[in-house]
Amino acid sequence: MNDGNDGGRRKQAKSGSVERVSEAARDAGLDIEIRRMGASTRTAEEAAAQCGSTVAQIVKSLVFQGEQSGKLYLFLVSGARQLDIAKAGSLAGEPLKRGDPRHIRDLTGFAIGGVSPIGHLIAIPAFADETLLGFDRVWAAAGAHDAVFAAEPRALLAAAGATVADLAAVG
């Protein structure tokens, strides 16, 4: 029974993850076309090959967990860059650790390899590496291991509610 106090979570949990991404984009005014590639796009290299783009234009959606709070945080980083975990922890306000894949899936609605920047089951603080803004178009996961969409970076980061920062590791 839905008593109306779940914020729509039950409805979202019933819909598929790809449909949730499409709905979240629509709600944010982000015009996207989700493509099912038929082959894995789990890694930045696989995604770039499938999308016909550079690895740098692939948005990696990395979910980490606060060591003290257990809270999840989303970091959006270019496929050509590595996340600096110390910078990420500083932005999150606590040290971070890799989240358990099952826990991430349960809370966000996405499995590792298909985590989208938008359409999560929960509100999740998001941060994006500033290098993504250097492209006319980037590609992001759309909720499944073979689903992607292209977007203008500023519009995507706005839809994700992401704070733009320097997140990339030096070197």
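Below is a short write-up of the structure. Everything numeric here is computed off the predicted structure, so don't read it as measured data. (Residues numbered from 1 in each chain as written. Predicted model: local features only at pLDDT ≥ 70, side-chain atom pairs only at ≥ 80, totals over all residues. Heavy atoms only, no water.)

Below, the discussion takes up the layout of surface pockets. Here the largest pocket is characterised by a volume of approximately 470 Å³. If you trace the largest pocket, you find 26 residues lining it, with Arg-42, Ser-61, Leu-62, Ile-112 and Gly-113 closest to the centre. Listing elements by their share of the lining of the largest pocket, those giving two or more residues are helix H3 (44-51), strand E2 (58-66), helix H5 (101-108) and strand E6 (138-141). In terms of residues, the lining of the largest pocket owes the most to one element, E2, which gives six residues. Residue composition of the lining of the largest pocket, grouped by class: 14 nonpolar, eight polar and four charged. In this model, the second largest pocket occupies a volume close to 160 Å³. Every residue lining the second largest pocket is listed: Ser-17, Arg-42, Arg-105, Gly-109, Phe-110, Ala-111, Ile-112, Gly-113, Gly-114, Gly-143, Ala-144 and His-145. (1 Å grid on protein atoms, 1.4 Å probe; cavity = no way out; pocket = protein on both sides within 12 Å on 5 of 7 lines; lining within 4 Å. Points joined across faces, edges and corners; volume = space filled by probe spheres on them. Helix = DSSP H or I, 4+ residues; strand = E, 2+ residues; numbered from the N terminus. Nonpolar A, V, L, I, M, F, W, Y, C, P; charged D, E, K, R; others polar.)

With respect to the helices and strands, the residue Ser-116 is situated in the loop between H5 and strand E5 (126-129). Overall, Ser-116 belongs to the buried group, its relative accessible area being 0%. A polar contact of 3.0 Å, which involves the side chain of Ser-116, links it to the backbone oxygen of Ala-141. (Buried < 20%, exposed > 50% of the residue type's maximum accessible area, 1.4 Å probe, protein only. Polar contact = N/O pair within 3.5 Å; in protein donor to acceptor, adjacent residues only side chain to side chain.)

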